[in-house]
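The lines below spell out each chain.
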Amino acid sequence: MLNTDLRQGITTHEVEARRKRFGFNELATEKTNLLKQFLSYFQGPVLYVMELAALLAAGLGDWVDFGVICGILLLNAFVGWYQEKQAADVVASLRGDIAMKATVVRDGGEQTILAREIVPGDIIIVEEGQTVPADVRLICNYDTPEDYERYLQMKEEDLFDDSSDPDDEKDDENIDEERPITQGHSLIATDQSAITGESLAVDKYMGEVAYYTTGCKRGKAYGIALTSARHSFVGRTASLVQGAKDQGHFKAIMNSIGTALLVLVMFFILAAWIGGFFRHLGIATPRGGTESSGTLLHYALILLIVGVPVGLPVVTTTTLAVGAAYLAEERAIVQKLTAIESLAGVDVLCSDKTGTLTANQLSIREPYVAEGQDVNWMMAVAALASSHNLKSLDPIDKVTLLTIRRYPKAREILNQGWKTEKFTPFDPVSKRITTVCHMGGDKYVCAKGAPKAILNLSNCDEETARLFRDKAADFARRGFRSLGVAYQKNGGDWVLLGLLSMFDPPREDTAQTIVEAQQLGVPVKMLTGDAIAIAKETCKMLALGTKVYNSTKLIHGGLSGTTQHDLVERADGFAEVFPEHKYQVVEMLQQRGHLTAMTGDGVNDAPSLKKADCGIAVEGSTEAAQAAADIVFLAPGLSTIVLAIKIARQIFQRMKAYIQYRIALCLHLELYLVTSMIIINETIRAELIVFIALFADLATVAVAYDNAFSEPRPVEWQLPKIWLISVVLGILLALGTWVIRGTLFLPNGGIIQNFGSIQEILFLEVALTENWLIFVTRGGKTFPSFQLVFAIFGVDVMATIFCLFGWLSGGLYQTDPPSTYNFRADGWVDVVTVVVVWAYSIGVTIVIAMVYYLLNKISWLNDLGRKDRTRKDPAIENMIAALSKLSLEHGKDKHGVDRYVLAARAAEEEDDE
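Residues numbered from 1 in each chain as written. Predicted model: local features only at pLDDT ≥ 70, side-chain atom pairs only at ≥ 80, totals over all residues. Heavy atoms only, no water.

You'll find the protein chain entered in an unreviewed UniProt entry as Plasma membrane ATPase, with Bimuria novae-zelandiae CBS 107.79 given as the organism. The Catalytic activity (unreviewed entry) comment attached to the protein chain in UniProt states, word for word, "ATP + H2O + H(+)(in) = ADP + phosphate + 2 H(+)(out)". Regarding the protein chain, the relevant UniProt record gives this comment under Function (unreviewed entry): "The plasma membrane ATPase of plants and fungi is a hydrogen ion pump. The proton gradient it generates drives the active transport of nutrients by H(+)-symport. The resulting external acidification and/or internal alkinization may mediate growth responses." (UniProt positions renumbered as here; feature names shortened; annotations may be inferred.)

Written out as structure tokens, the structure reads:
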């Protein structure tokens, strides 16, 4: 399979055969089995209890109950499956916009295909700026395909390294000096920092492996795909953690609510049974003329139906899925649904400067030219020290090349027949770009980079160096990024040419968006690689605050423990940061109890994106950053992120409203039914109870589409507050039902105007007050959506029809004390009585709404269950800081016994900037 001809590639027929064997070239989790996904909606503690209730109904021969319970289960499963599939399709269509592409040789010609379509044996063209689309063994330089014969010869002699682990490349002991594959020029250089942690690009020679998902920083070469992504080095690593599926905070919350409700159900069943023992009720068969629902197992069945919120897992999951589709409309791809919950609770946003806070539209202002130097020669050298790959130009290189238009003489210099020998891209250690090139028999090394890095190359006099530094500082104070330019001719001294000044203006909407974010309780911290003066100037323009510190103050400033954490909390931003600094900032904020969002775009940002509570890959980010992020944004700027936070809070509000509503519903019927079973030996018939449960589920399917409001501060579950309010609402609902039941003991029938039935009147009152409760818990800050209004109105009409025609009312209960009014045996209720029940239910709902409003006005209750977002623990923080300065040393004592001792860590040598 790996003997593919370089010029012909493999044929379309071979591609199909290999794909059947190896599958698609992607790490994505196995394709969702729709049937398996549908069946998953019948799994979980809450659903198992409902399935037990269905079996109990079948065992008791209550086929109406059995059919309706099965209908509820199927309805929930279908709605959940369908809504999640619809939302996933929206997100998937958007995800196609960021799919990785690759250039391959097939059927004798070059083709651009999706990277997932690569098969082992494909000839791939790897070039600068692209992500390596598979584990690829390099064959030869793109411009010298004749070297293919040499590659075949070396392969025949078995001279290639078989190592499939990039860490082996760093192990000096493994390097065989006689290995011929590191002779000559490297074909490409790849950024392996995400795999091995190396900050410098790694040179790759003929026969070496370039690893899947690493970024090509330099060069263009042919390679052959060794295997599919799943079996690549990265794929094998990913498979190690695939089995450990993270349930997430959201799942844990749902399970805790479900478990608490199940415990309550068991308690209420026990109470009802104890009451039943005193009433001498049968276990499964009615005794002495008792109504068919008056048995212990029927009591258990009724309480299982009302006490278990069967729709809870489905409605909350589909609310998240529909929310993901809402975010997709705003050009934000949600990689995992639980990220929405994290985004809603974020209280610190760490943001990149370039492209997020600023427009990423660099322009070169008037350059500074060193004394005795020519501006045209300086611009020509700056252009030579730029990437020559026009497909994937860095913004700085792009603006440098575009500015050449303003300098005709510089263009003439560049047209004099320059030949590039070697191009070394920018890296965070050397902080410069260099190009080795030739013209007219002379060898030139052109360099462009950070002013300090360029100044360190030259041996200029102190006066020139001082002028250079002063000018760079002046540019920085004005908010300009400056780049030094220098060259070396035929191995002589480096000559300083001057400074290019670049300006990246803030986005028009950024300052307003930052104010908006602060009003939402999400302060923005700027993390940038620019100099501190530029960072401060940008902060002034954006009204961000000027408490901006150099990253060296954070790491090497002598701070540790609590003082270091305090600095990170107080700072408005950090300048001259490397990826590891971002990681430390996120970690320290999390240790203080903050939920942190982090934006990033490069391969190097992947660790901090993973570490953050909500990793955000901004527009134009690399595939590696997108893979590590929880949410990928396809629209530029900070405003899209702030908008996403608002949408996430709305989604969270929908879930919170539904959960409060559902707990109150469970408690309402549990309290009323158990007390009525014990006190008057009566219950609402099981057949009517299942329809109350069905109506509650039908009505709340539309919650996912409701017009929710966005909280003005970061949201939290606040479970103690949810439970307290839900218990109060449940008690009020139960009291409302008891009032209407109490009137039916009056000789004149109480609420009944002409004729009626206890069962049907209770059924209608319970159905109406429970359905309308969602309007209370959702809050009054926004109007409900027409979907929610129509869904609830629809089930109210159905409940009214049930009541009018006495459907499933059954026989009369013999209550204790008995009722004296003569109720209709067929269960019919007159229209006037129905109108009165509606009016009474509206009154109950208004009272409940007033109580709910007053409860939310109590300040201590509003903060009940909120976590301390600025928790300090100086003792622990200082202890960890002290431990980080120690290391474990291995040695032998005088008797030759191995000993391990704690010793002070050797001081790290700092690079001289």
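Colleague: Break down the overall build of the protein chain for me, with residues and values.
Modeller: Secondary structure summary: the protein chain contains 32 helices and 25 strands in total. Going through the 913 residues of the protein chain one by one, you find that 52% of them count as buried. Considering only contacts in the protein chain between residues 6 or more positions apart, those separated by 24 or more positions represent 73%. (Helix = DSSP H or I, 4+ residues; strand = E, 2+ residues; numbered from the N terminus. Buried < 20%, exposed > 50% of the residue type's maximum accessible area, 1.4 Å probe, protein only. Contact = heavy atoms within 4.5 Å.)

Colleague: Describe a nonpolar patch on the surface, and please don't skip the residues or the numbers.
Modeller: Residues Phe793, Val797, Ile801, Phe805, Trp807 and Trp828 make up a contiguous nonpolar surface patch of roughly 550 Å² in combined accessible area. Residue classification places Phe793 among the partly exposed residues on the basis of a relative accessible area of 49%. (Patch = residues over 30% accessible without salt bridge, like charges linked within 9 Å, V, L, I, M, F, W, Y side chains within 5 Å. Areas by Shrake-Rupley, 256 points an atom, 1.4 Å probe, with all protein chains shown as cover. Salt bridge = Lys/Arg side-chain N within 4 Å of Asp/Glu carboxyl O.)

Colleague: Explain the environment of Gly258 to me, and be specific about the residues and the numbers.
Modeller: With respect to the element layout, Gly258 can be found in helix α8 (residues 248–279). For Gly258, a relative accessible area of 4% gives the class buried. Taking C-alpha positions, Gly258 is 10.0 Å from Gly307, a pair spaced 49 residues apart along the chain.

Colleague: Can you break down the sheet that holds strand β21 (residues 596–600) residue by residue, with the values?
Modeller: Pairing between the strands of a sheet is mediated by backbone hydrogen bonds and can be parallel or antiparallel. Ordered by their spatial adjacency, 8 strands build an open sheet running β9-β23-β22-β21-β10-β18-β20-β19, and the pairing between neighbours is mixed. Both outer strands of the open sheet, β9 (332–334) and β19 (548–550), are each paired with one neighbouring strand and no more. The average angle at which neighbouring strand axes cross in this sheet is 20 degrees, direction not considered. (Pairing = 2+ DSSP bridges. Axes fitted to C-alpha atoms, helices over the stretch in contact; angles between N-to-C directions.)

Colleague: Quick one: what's the story with the pairing of β21, residue by residue and with numbers?
Modeller: β21 sits mainly inside the fold: 5 of its 5 residues count as buried. Side chains Thr596, Met598 and Gly600 project from β21 onto one buried face, and the interleaved Ala597 and Thr599 project onto a second face that is buried too. Across 3 bridges, strand β10 (residues 348–352) lies against β21 in parallel orientation. Residue pairing in the sheet places Cys350 in a bridge with Met598 of β21.

Colleague: Help me get a handle on the packing of helix α10 (residues 312–329) against helix α25 (residues 638–680), residues and values and all.
Modeller: Running from amino to carboxyl end, α10 crosses α25 at an angle of 165 degrees, the nearest separation of the two axes being 10 Å. Judged by the inter-axis angle, α10 sits roughly antiparallel to α25. As for the relative orientation of α10 and α25, their crossing is right-handed in sense. On the side of α10, the interface is formed by Leu312, Val315, Thr316, Thr319, Leu320, Gly323, Tyr326 and Leu327, while α25 contributes Ala644, Ile647, Ile651, Arg654, Met655, Tyr658 and Ile659. Taken together, the residues of the contact of α10 with α25 break down into 11 nonpolar, 3 polar and 1 charged. (Parallel < 35°, antiparallel > 145°, perpendicular 65-115°, else oblique. Left-handed = near helix turned anticlockwise from the far one by under 90°. Nonpolar A, V, L, I, M, F, W, Y, C, P; charged D, E, K, R; others polar.)

Colleague: Tell me about the environment of Ser342, and name the residues and values.
Modeller: By the element assignment, Ser342 lies in helix α11 (residues 338–345). For the pair Ser342 and Ala648, spaced 306 residues apart in sequence, the C-alpha to C-alpha distance is 8.5 Å. If we skip the residues at most four places from it in the chain, Ser342 touches Asp613 and Cys614.

Colleague: Describe the confidence of the model for the protein chain, and please don't skip the residues or the numbers.
Modeller: Counting all residues, the mean pLDDT for the protein chain is 84, and 90% of those residues have values of 70 or more. With pLDDT under 50 throughout, residues 170–180 is counted as low confidence; its partners more than four residues away or in other chains account for 8 contacts. Within the model, pLDDT remains below 50 along residues 241–247, and this stretch shows 2 contacts once partners closer than five positions in the same chain are excluded. (pLDDT = per-residue confidence, 0-100.)

Colleague: How would you explain helix α13 (residues 375–384) if you had to name every residue and give the values?
Modeller: Given 3.6 residues per turn, any residue in an α-helix points the same way as the ones three and four places further on. Taking burial as the measure, the 10 residues of α13 include 9 buried ones, the bulk of the element. Buried within α13 are the following residues: Asn376, Trp377, Met378, Met379, Ala380, Val381, Ala382, Ala383 and Leu384.

Colleague: Pulling in residues and values, what's your account of the nonpolar core?
Modeller: Counting 147 residues, the largest nonpolar core has Ile69, Ile257, Ile305, Leu673, Trp717 and Leu773 as the members making the most contacts within it. When residues in this core are grouped by element, the largest group, 23 residues, is from α25. With 29 residues, the next largest nonpolar core counts Ile125, Leu138, Cys140 and Met154 among its residues. (Core = buried A, V, L, I, M, F, W, Y, C linked by side-chain atoms within 4.5 Å.)

Colleague: Outline the packing of aromatic side chains, listing residues and values.
Modeller: Overall, the coordinates contain 29 aromatic pairs when judged by the stated rule. Seen in terms of ring centroids, Phe802 and Trp807 are 5.2 Å apart; in terms of plane orientation they differ by 75 degrees. Their pairing is edge-to-face. In this structure Phe802 comes out as buried when scored by relative accessible area, which is 8%. On the accessibility criterion, Trp807 (41% relative accessible area) is partly exposed. Every member of this aromatic cluster is reached through a ring pair, and the members are Phe691, Phe695, Phe763, Phe802, Phe805, Trp807 and Trp828. One Lys or Arg, Lys220, reaches over the ring of Tyr142 and ends 4.0 Å from the middle of that ring. Positioned above the aromatic ring of Phe755, the side-chain terminus of Arg824 is 4.5 Å from the ring centre. (Phe/Tyr/Trp six-rings, centres within 6.5 Å; stacked < 30°, edge-to-face > 60°. Lys NZ or Arg CZ within 6 Å of the ring centre and 35° of its normal.)

Colleague: So what's going on with the pairing of strand β18 (residues 524–527)? Residues and values would help.
Modeller: Neither face of β18 is left uncovered, since the one carrying Val524 and Met526 and the one carrying Lys525 and Leu527 both have all their residues buried. Here 4 bridges tie β10 to β18, and the two strands are oriented parallel to one another. Looking at the pairing, Ser351 lines up with Met526 of β18. In this sheet, strand β20 (residues 573–575) lies alongside β18 in parallel orientation, the contact comprising 2 bridges. In the sheet register, Met526 faces β20, and the bridge partner there is Gly573.

Colleague: Could you give me a rundown of the packing of α25 against helix α28 (residues 758–777), with the residues and numbers involved?
Modeller: Where α25 contacts α28, the two axes come as close as 8 Å, and the packing angle between them is 155 degrees. The pairing of α25 with α28 is recorded here as roughly antiparallel in orientation. As for the relative orientation of α25 and α28, their crossing is right-handed in sense. Together, Gln653, Ala657, Tyr658, Gln660, Tyr661, Ala664, Leu665, His668, Leu669 and Tyr672 of α25 and Leu762, Val766, Thr769, Glu770, Asn771, Leu773, Ile774 and Thr777 of α28 make up the contact between the two elements.

Colleague: Got a sec to walk through unusual backbone geometry? Specific residues and values, please.
Modeller: With an omega of 5 degrees, the peptide bond running from Asp816 to Pro817 counts as cis. Summarising the element assignment, Pro817 is placed in the loop between α29 (786–805) and α30 (831–855). Even without a glycine there, the phi angle at Asp107 is positive, about 50 degrees. Mapped onto the secondary structure, Asp107 falls in the loop between β1 (101–106) and β2 (109–114). At Asn490, a position not held by glycine, the phi torsion is positive, near 50 degrees. Examined against the element boundaries, Asn490 turns out to sit in the loop between β16 (481–489) and β17 (494–503). Classification of Asn490 as partly exposed rests on a relative accessible area of 47%.

Colleague: Report on the pattern of salt bridges, specifying residues and quantitative values.
Modeller: Enumeration over the complete set of coordinates arrives at 25 salt bridges. Between Asp530 and Lys353 there is a salt bridge, and its shortest N-O distance comes to 3.0 Å. Within this pair, whereas Asp530 is found in the loop between β18 and α19 (532–541), its partner Lys353 is found in helix α12 (residues 353–357), the two being separated by 177 residues in sequence. We classify Lys353 as buried; its relative accessible area is 4%. For Asp442, the salt bridge goes to Lys489, with nearest N and O atoms at 3.9 Å. Taken together, the residues Asp442 in strand β15 (residues 442–449) and Lys489 in strand β16 connect sequence positions 47 residues apart. In this structure Asp442 comes out as partly exposed when scored by relative accessible area, which is 22%.

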